[in-house]
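# Commentary on secondary and tertiary structure
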Amino acid sequence: MPSALEQLAQSVKERRAILFVGAGVSMSVGLPSWEKLIEHMVDELGLERDVVDRPESSYQALAEYYRLKHGSLGPLRSWMDREWSVSREKVKGSAIHKLIVSLDFPIIYTTNYDRNLEVAFEVHDRAFVKVANAKDIAKVNGEVTQIIKYHGDFDDDASLVLAESDYFERLSFESPLDVKFRADALGRTVLFIGYSMSDMNIRLLLYRLWETWRRSGYERNRPKSFVFMPQPSVVQEAVLGRWGIDMLTDEADRPEDALVAFLSKLKDAIDPA
């Protein structure tokens, strides 16, 4: 029986796989962590520093408060756009981004707001279409890679899923991009990279996908999906396995090195030298 990596490689080779990219990929080229975003909002809002250490001080809740105090997220979005930007040269030199482009997924979803994926396709001279809202869906065709900005894009303030109420609205799983994801994912393998499995938004997404198949009565016919984790976890492996998702790992000193090693092995499995 083929290994999990071989099964994934076959799906990618046949262009029946979707890539889902999280914050870990952007952090690999120097983008700040969520902690820095929280600290900035605390300073802008004139709050005490100990607010950062409180359980209720998620970046989503602080962003909601920011919107209430300032009337909009515009100034915060502008700051994020400046701070969460790296040079084209740095993206071009990123082994992770080069591997993502070379693996040639037909569809890439990302919860990252930054433009690094788009820049990677540009610097490696590969065509793509960006989708950040319902209007953009009309631009999609089957000829070039789709980069779906699942939580919005800096070029469209209204598309950003950043504050707590934005996330609550997405919990219904009924926005145009949610409908598109269900349609795209139901018949394809999905590979998640750059995510912490403590992220409840992604866990809910995975659960909802499994639940859709379970209710259909054809759960056994669901294409297998995968999540890459830099460190193995028997707990996560068991829970995700229950939802039809295999965990793949490749340990290294740094998470980004582990991801490079994994993507390189996947590429080699698709196209052996």
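Small disclaimer: the values here were computed from a predicted structure and weren't measured.

## Some remarks on helix 12 (residues 200-216)
For helix 12, built from 17 residues, the straight-helix expectation of 24 Å at 1.5 Å per residue is met to within 8% by its first-to-last C-alpha distance of 24 Å. For helix 12, every residue scored as buried is listed here: I202, R203, L205, L206, L209, W210, E211 and W213. Packed against the buried residues of helix 12 are strand 1 (17-21), helix 11 (176-185), strand 5 (189-193), helix 13 (234-242) and strand 7 (245-249). A positive backbone phi angle near 85° is found at G217, which sits one or two residues after helix 12.

## Thoughts on the domain arrangement of the protein chain
One can read the domain layout of the protein chain as domain 1 (4-31 + 87-270) and domain 2 (34-84). If you average the C-alpha positions of domain 1 and of domain 2, the two centres end up 26 Å apart. Between domain 1 and domain 2, the contact holds 15 residues from the first and 15 residues from the second. Summed over both sides, the interface between domain 1 and domain 2 buries roughly 1,300 Å², with carbon and sulfur atoms accounting for 63% of that surface. For the domain 1 face of the interface with domain 2, the top three residues by lost area are F154, L162 and E164, together amounting to 42%.

## Thoughts on the pairing of strand 7
Bridge count for strand 6 (residues 225-229) against strand 7 is five bridges, and the pairing is parallel. What sits directly across from F226, in strand 7, is D246. For the crossover from strand 6 across helix 13 to strand 7, the handedness is right-handed.

## As for the pattern of salt bridges
Side chains that differ in charge, positive against negative, can pair when their charged atoms come close. Evaluation of the coordinates by the stated rule reveals 23 salt bridges. A salt bridge links K130 to D153; the shortest N-O distance between them is 2.9 Å. Linking K130 in strand 3 (residues 128-131) with D153 in the loop between strand 4 (145-149) and helix 10 (164-170), this pair joins segments that are 23 residues apart in sequence. Notably, a salt bridge pairs D250 with K265, separated by 2.8 Å at the nearest N-O pair. Here the residue D250 occupies a position in the loop between strand 7 and helix 14 (255-270), and K265 occupies one in helix 14, the gap between them amounting to 15 residues. One continuous salt-bridge network, built from bridges that share partners, spans R77, D81, R115, E118, K130, K149, D153, D155 and D157.

Reading guide: rules and limits
Residues numbered from 1 in each chain as written. Predicted model: local features only at pLDDT ≥ 70, side-chain atom pairs only at ≥ 80, totals over all residues. Heavy atoms only, no water. Helix = DSSP H or I, 4+ residues; strand = E, 2+ residues; numbered from the N terminus. Expected span 1.5 Å × (residues − 1). Buried < 20%, exposed > 50% of the residue type's maximum accessible area, 1.4 Å probe, protein only. Contact = heavy atoms within 4.5 Å. Domains from an automatic or database assignment. Buried area = accessible area lost by both parts, 1.4 Å probe. Pairing = 2+ DSSP bridges. Right-handed = clockwise from strand over helix to strand, strands pointing away. Salt bridge = Lys/Arg side-chain N within 4 Å of Asp/Glu carboxyl O.

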